[in-house]
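Close look at the chain arrangement
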Amino acid sequence: MRTYWVVLSCLIVSISSSAQTTVRVSGAMKNVMWKGQLYGTIALDTISNKNHLYGLGPCENLAGEIMVVDGKSYRSKVVSRTEMEVTETFAVKAPFFVYANVISWRPHNLPKTVTDHVSLEKYLQTLAGNREQPFVFKLVGPIVKANIHIVNLPEGKTVASPDDAHTGQVNYDLGSEEVTIVGFYSTRHQAIFTHHDTFIHMHLMTAEHLKMGHVEQVQFAGNMKLYLSQ
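Here is a short report on the structure shown in this document. Just so it is clear, the model here is predicted, and its values are computed rather than measured. (Residues numbered from 1 in each chain as written. Predicted model: local features only at pLDDT ≥ 70, side-chain atom pairs only at ≥ 80, totals over all residues. Heavy atoms only, no water.)

**Considering the overall build of the protein chain**
Using the following cut-off: Helical segments are the DSSP runs of H or I of at least four residues, strand segments are the runs of E of at least two, and each set is numbered from the N terminus. Each radius of gyration is computed over the set of C-alpha atoms, and the globule rule expresses the reference value as 2.2 Å times the number of residues to the power 0.38. Residue burial is assigned from relative accessible area. The probe radius is 1.4 Å, only protein chains are included, and a residue is buried under 20% of its type maximum, exposed over 50%, and partly exposed in between. Charged residues are defined here as Lys and Arg on the positive side and Asp and Glu on the negative side; His and the ends of the chain fall outside this count. A single reference atom marks each charge: NZ on Lys, CZ on Arg, CG on Asp, CD on Glu.
Counting secondary structure elements, the protein chain contains four helices and 15 strands. Whereas a compact globule of 230 residues would reach a radius of gyration of roughly 17 Å, the protein chain reaches 17 Å, a difference of no more than 12%. Buried positions account for 50% of the 230 residues belonging to the protein chain. Between the averaged position of the 20 positive side-chain charges in the protein chain and that of its 19 negative side-chain charges there is a distance of 8 Å.

This is the structure we're talking about:
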């Protein structure tokens, strides 16, 4: 037990001192959900520094999801209730988007008690301590299962509430997969780039880049590696 707390204390120090990575935000989730601002506030191909870029958000007009992993941008869109299409492209806009250039990562083994998205958020809260600045995290490894969604707003549909914004959304159940998850943590950006009831926003992509979307639920299979931005 004493060893665990020593290790945890070291992690808290390392994450609290991670001042090198600057998290940037364009737009705000609440403006999309409550004001119907569906237009792109940022065109990803105009981001000048794409070196080790990580980011996530929905597509303009809520017509898909965006995930940027180490300088490569992916867009997913709904094909049917059981199929999706994932394309590598920077030719996409987002109504809100959070991103950062992460030059180096500090790897950690997840404790056995961190088995899903709920326990992951609690663990990240413990690591963050009193840190007020947002940070990036990444998870790489196997999952038992997950549920991800892709926003799919019908063309011409107006949005004045979160229920409106999720019209047409399709949820996909994933089984055992090797995945990469990119997430952003902040206690000060609820309704900006995280939902009002959470401090994290995560997108998941399978190893073959065939499935990608916003994480609703995820269960880790063990041997999942956590990386924290430095």
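**Some thoughts on the packing of aromatic side chains**
To be explicit about the condition: Stacked, tilted and edge-to-face are the three classes assigned to paired rings of Phe, Tyr and Trp, where Trp is represented by its six-membered ring and a pair needs centres within 6.5 Å; plane angles under 30 degrees give stacked, over 60 edge-to-face, the rest tilted. In this scheme, Lys NZ or Arg CZ marks a charge over a ring once it lies within 6 Å of the ring centre and within 35 degrees of the ring normal.
Taken as a whole and assessed by the stated rule, the structure comprises five aromatic pairs. One aromatic cluster in this structure is built from F135, Y185 and F199. Over the ring of F90 we find K50, and its NZ or CZ is 5.2 Å from the ring centre. Lying over the aromatic face of Y227, K138 brings its terminal NZ or CZ to 5.1 Å of the ring centre.

**Regarding the layout of surface pockets**
Just so we agree on the cut-off: In this analysis the probe radius is 1.4 Å and the grid spacing 1 Å, with only protein atoms considered; a cavity is a set of points the probe fits into but cannot get out of, a pocket is an open set with protein on both sides within 12 Å along at least five of seven lines, and lining residues have an atom within 4 Å of a point. Grid points are joined across faces, edges and corners, and a volume is the space filled by probe spheres set on the points. Residue polarity is assigned by list, with Asp, Glu, Lys and Arg as charged and Ala, Val, Leu, Ile, Met, Phe, Trp, Tyr, Cys and Pro as nonpolar; anything else, Gly included, falls into the polar class.
Estimates place the volume of the largest pocket at around 390 Å³. In terms of lining, the largest pocket is formed by 17 residues, of which the most central are D197, T198, I200, V215 and E216. Elements with a minimum of two residues in the lining of the largest pocket: α3 (117–128), β13 (200–206) and β14 (212–220). Top contributing element to the lining of the largest pocket by residue count: α3, with five residues. Residues of the lining of the largest pocket, tallied by class, amount to four nonpolar, nine polar and four charged. Its volume calculated, the second largest pocket comes out at about 220 Å³. The wall of the second largest pocket is formed by N109, L110, P111, K112, V114, T115, F220, A221, G222, N223, M224 and K225. A per-class count over the lining of the second largest pocket returns six nonpolar, four polar and two charged.

**So, the pairing of strand β6 (residues 84–88)**
The line we're drawing: Following DSSP output, two strands are said to pair if at least two bridges run between them.
Two strands pair when backbone bridges link them, and strand β5 (residues 72–78) and β6 are joined in this way by five bridges, in the antiparallel orientation. In the sheet register, K77 faces β6, and the bridge partner there is E85. What sits between the antiparallel neighbours β5 and β6 is a turn of five residues.

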